[in-house]
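# An overview of the molecular structure
Spelled out, the chains give:
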Amino acid sequence: SAKDHIGKKRGTSRAAFTDDGFAMGVAYILKLLDLYGSFDSLHWFRSCKAHYERERAKVQKSHKGTKDEKLLQTVSLSLKRIALYEKEMDLLDYSLSSARIFFRADKTAAEEAAEKEKKEAAEGGAADGAGGDAAPAAAEAP
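Residues numbered from 1 in each chain as written. Predicted model: local features only at pLDDT ≥ 70, side-chain atom pairs only at ≥ 80, totals over all residues. Heavy atoms only, no water.

Its identity as a non-glycine residue notwithstanding, D34 has a phi of 55 degrees, on the positive side. Considering the arrangement of structural elements, one finds D34 in the loop between α2 (20-32) and α3 (36-42). In this structure, H43 is a non-glycine residue whose phi angle is positive, near 50 degrees. By the element assignment, H43 lies in the loop between α3 and α4 (44-62). (Helix = DSSP H or I, 4+ residues; strand = E, 2+ residues; numbered from the N terminus.)

Another point: the packing of aromatic side chains. One pair of aromatic rings is described through two measures. These are the centre distance and the angle between the planes. Throughout the structure, instances matching the rule amount to five aromatic pairs. A centroid spacing of 5.6 Å and a plane angle of 50 degrees characterise the contact between Y28 and F103, whose relative ring orientation is tilted. Here Y28 is found in helix α2, whereas its partner F103 is found in the loop between α5 (69-102) and α6 (109-140), with 75 residues between them in sequence. Judged by relative accessible area, F103 falls into the partly exposed class, the value being 22%. Measuring from centroid to centroid gives 5.1 Å for F102 and F103, while their planes differ by 75 degrees, and the two rings are edge-to-face. Among the aromatic side chains, those forming a connected cluster through ring pairs are Y28, F102 and F103. (Phe/Tyr/Trp six-rings, centres within 6.5 Å; stacked < 30°, edge-to-face > 60°. Buried < 20%, exposed > 50% of the residue type's maximum accessible area, 1.4 Å probe, protein only.)

All right, on to the nonpolar core then. Judged by nonpolar contacts, the single largest core of 15 residues is most densely connected at A27, Y36, F39, F45, Y52, M89 and L96. Contributions of two or more residues to this core are made by α2, α3, α4 and α5. Of the residues forming this core, the biggest block, six residues, is contributed by α5. (Core = buried A, V, L, I, M, F, W, Y, C linked by side-chain atoms within 4.5 Å.)

The next point concerns the environment of V59. Within the fold, V59 resides in helix α4. Sequence-wise, V59 and S76 are 17 residues apart; in three dimensions their C-alpha atoms are separated by 9.4 Å. In this view, V59 contacts V75, S78, L79 and I82; residues no more than four positions away in its chain are not counted. (Contact = heavy atoms within 4.5 Å.)

Written as structure tokens, this is what we have:
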């Protein structure tokens, strides 16, 4: 795939490909449907990290002490693949966290509604106070 060739063209293995559009779409839908609490309760990224750690340990354990060169190459490729998948999950986690900040998903819909009501009440109180002062001044003008 094109993602695999990015590091090879530039000659660095630190290059990474990420598509923020997917993370932005997920963040938008989670915000729109007010499902961030449910998504957070899944601990999805933590479980992915644990899965890859188990896979890495399984690969290392199954071929421990092997001297066969072809088998060692297979182990090396398997470990690189697992590391690549881990890196992709980390990048997705970072992108989703950034998109969450963008959509101000740190608050639930109920918290946003309460904040909006409080703000409107404060503005309404300020408008009433200003309106009370403006009415006598308008009455005195004619």
